[in-house]
Amino acid sequence: MSVRMSLQDFLERIEGVYKSIDLRIAAAKAGDTWQNALTVVRFSYREPEELKKQQETLETRWGKVKTSNFRIDMQAWPIATLDMLETRLNQGLWSLFDDHVDDLQFGRSIDLLSLEGRFEKYGYAKREAEPYPFFEAFAGEHSHLLKDKEEQLQSEVKSQTLLDLYTLIRELLEVDFSRDRELDLIVAAPFYAAIRNVDFGEQSCKIEVKFHKDIKALAVSAIVQRGDRQHGPLIGKARSTIDLEESEESGEYMRLWTKQLELPNATPADYLAVSLIQTEPTALDIEKSSTQISRLLESKRPEKAPLVAACRQFLTEDELEQYLTKPVEAAWPYKKGSKDAADTFELAVAWLLGLCGFSIVWLGLTNHESLKEDRVRRFGVDILASHRESENLLLLIGCTIGSPNNNDIDTLKNVRRVLQDKLFKDTQLLIKPFVFSAAPELSNKERDGVKVLDADDIKGILNYVRRGEVQRALNKYFGYELGFKIGS
């Protein structure tokens, strides 16, 4: 699906969609001059005020980084200021920080709209709440100040925040960035349209597409090929344009389009590929969903997972995935009250465990999440869980939207120790501690007997739930030693 184009060409495809520019800046000081270390320019359909709230939530969690020689700034601008941003980057400058007193030096002229990038599903800046493909361009090289002054900058930043310099850049700018990334500018522009669901039954394919109401010229195609994979003989095809009038509201600015396409020659043994395409000004492949039809039919059997089937009528797997993997950007699931991203994530983990068949006691966000030991409350745990398939198992669950720290690990270890020594000393009960984290691509997932499940693992669990293969999720992510049997 990867296609190369300029930012100008991409923006012309979705004119009128974006409302604001989300600007994140990491800057280091050389003498009296602030120089760019990394700037991320994102386009968004949300209003600037909403983006600012999301940025403030991130700063509340990770802290506002402002030292003598290193700062991170977050700005939200109306899309009408794009011309100003383009002009200033051509000059190699930008007004840094909220007071707009200091100029940020880029060290070169940047032609923003002429930047060439790729339209694809993954990239450095893939941190969106919804699984939309996006245009991404990057330029420059790794800041020499981050290399030459790293020891000094690390010392300043850690003294203020107790966190690593690169961790803060990754979490506050929401990018994949490290010492070996040769770039200092990233531009990301989501294409707000995606295949939400594909179903099959009675010789027809049901397709759901979620899209921004102002995106034009969308169409879907369904192709059936003989065999269990693509490239087999073509035996059926159907297509339809996406009509705004045939869709329904799915949140502010967003629409949900559903269509049945007839495929009379398809059989369960065949391979189905559904594509979402923008047909103008030229054809652009947005997304493709493909699988063997038998898998779609198997996943529809509610008797395999009645709880999942019932829950889907209230809470879709896509919505749950947002709460689990992007809790900062996701809309609050609460009816009343002000809740933060950590609360949203913890609630979603409890839901996910329930869908996997666990009986849970949710202690987080209450006055009862701390263990009572000798009348002193110590060592908190968010969720207790057990499963009907293994009576000799107790799970201790901790939740964090960031990377788990030593305290997160030690807390669960201590809870396990106390329970094992005081309550279950002479029993066969197995107590297994887990940390669920919304952070992606974590390393070192086994820490002193505590297993860490990151955003990628959580997506894996949820994908098994989607397909009605809960037992496989239990085996793969919670351990074969728990005695779960793989379902057929």
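Preceding this paragraph is the structure being described.
Heads up: these notes are all about the structure in this document. (Residues numbered from 1 in each chain as written. Predicted model: local features only at pLDDT ≥ 70, side-chain atom pairs only at ≥ 80, totals over all residues. Heavy atoms only, no water.)

1. Brief notes about the side chain of Asp454
Among the structural elements, Asp454 can be located in the loop between strand S25 (450–453) and helix H12 (455–466). Its relative accessible area of 0% is what places Asp454 among the buried residues. Within the structure, Asp454 has its side chain in polar contact with the backbone nitrogen of Asp456 (distance 3.1 Å). For Asp454, the side chain forms a polar contact with the main-chain nitrogen of Asp457, separated by 3.0 Å. (Helix = DSSP H or I, 4+ residues; strand = E, 2+ residues; numbered from the N terminus. Buried < 20%, exposed > 50% of the residue type's maximum accessible area, 1.4 Å probe, protein only. Polar contact = N/O pair within 3.5 Å; in protein donor to acceptor, adjacent residues only side chain to side chain.)

2. Details of the packing of aromatic side chains
With the rule as written, the count across this model stands at 16 aromatic pairs. Considering the side-chain rings of Tyr124 and Phe138, the 5.1 Å spacing of their centres and the 80° angle between planes classify their relative orientation as edge-to-face. Pair noted here: Tyr124 is in the loop between strand S7 (116–120) and strand S8 (134–139) and Phe138 is in strand S8, with a separation of 14 residues, a long-range link. Given the relative accessible area of 44%, Phe138 is considered partly exposed. (Phe/Tyr/Trp six-rings, centres within 6.5 Å; stacked < 30°, edge-to-face > 60°.)

3. Some points on a nonpolar patch on the surface
A cluster of nonpolar side chains, namely Ile360, Trp362 and Leu365, defines an oily patch on the protein surface of about 230 Å² accessible area. Mapped onto the fold, Leu365 is located in the loop between strand S18 (358–362) and strand S19 (370–373). (Patch = residues over 30% accessible without salt bridge, like charges linked within 9 Å, V, L, I, M, F, W, Y side chains within 5 Å. Areas by Shrake-Rupley, 256 points an atom, 1.4 Å probe, with all protein chains shown as cover. Salt bridge = Lys/Arg side-chain N within 4 Å of Asp/Glu carboxyl O.)

4. Quick word on the pairing of S8
Counting buried positions over the six residues of S8 gives five, a clear majority of the element. As paired elements, S7 and S8 share three bridges and run antiparallel to each other. Residue Arg118 lies in a different strand from S8, and its bridge partner there is Glu136. Where S8 and strand S9 (residues 185–190) come together, six bridges link them in antiparallel fashion. Paired with Phe138 across the strands is Ile186, a residue of S9. (Pairing = 2+ DSSP bridges.)

5. Topic: the pattern of salt bridges
For the structure on display, the rule yields 20 salt bridges. Of the charged contacts, one joins Lys64 and Glu59 as a salt bridge, the two residues approaching to 3.4 Å between their closest N and O atoms. Residue Lys445 is joined to Asp454 by a salt bridge in which the shortest nitrogen-to-oxygen separation is 3.1 Å. Lys445 gets classed as partly exposed once you look at its relative accessible area, which sits at 27%. Overlapping salt bridges, with partners in common, bring together Asp22, Arg24 and Glu174 in one network.

6. Details of the environment of Tyr192
When you line up the elements, Tyr192 lands in the loop between S9 and strand S10 (193–201). What makes Tyr192 buried here is its relative accessible area of 2%. Reaching out from Tyr192, the side chain makes a polar contact with the backbone nitrogen of Tyr45 at a distance of 3.5 Å.

7. Comments concerning the sheet that holds strand S13 (residues 234–241)
Across the sheet, four strands lie side by side as S13-S12-S16-S17; this open sheet has antiparallel pairing. Whereas interior strands pair on both sides, the edge strands pair on one side only; in this sheet they are S13 and strand S17 (284–292). On average, adjacent strands in this sheet sit at an angle of 15° to one another, irrespective of strand direction. The pairing of strand S12 (residues 218–225) with strand S16 (residues 271–278) spans eight bridges and is classified as antiparallel. Counterpart to Ala219 in the pairing with S16 is Ile277. (Axes fitted to C-alpha atoms, helices over the stretch in contact; angles between N-to-C directions.)

8. Some points on the sheet that holds strand S15 (residues 254–262)
One open sheet accounts for four strands, arranged S10-S11-S15-S14; its pairing is antiparallel. Bordering the open sheet on either side are S10 and strand S14 (248–249), each of which pairs with just one other strand. In the sheet, S10 pairs with strand S11 (residues 204–212) via eight bridges, with the strands oriented antiparallel. By the bridge assignment for S11, Phe200 is matched with Cys205.

By themselves these figures say nothing about function.
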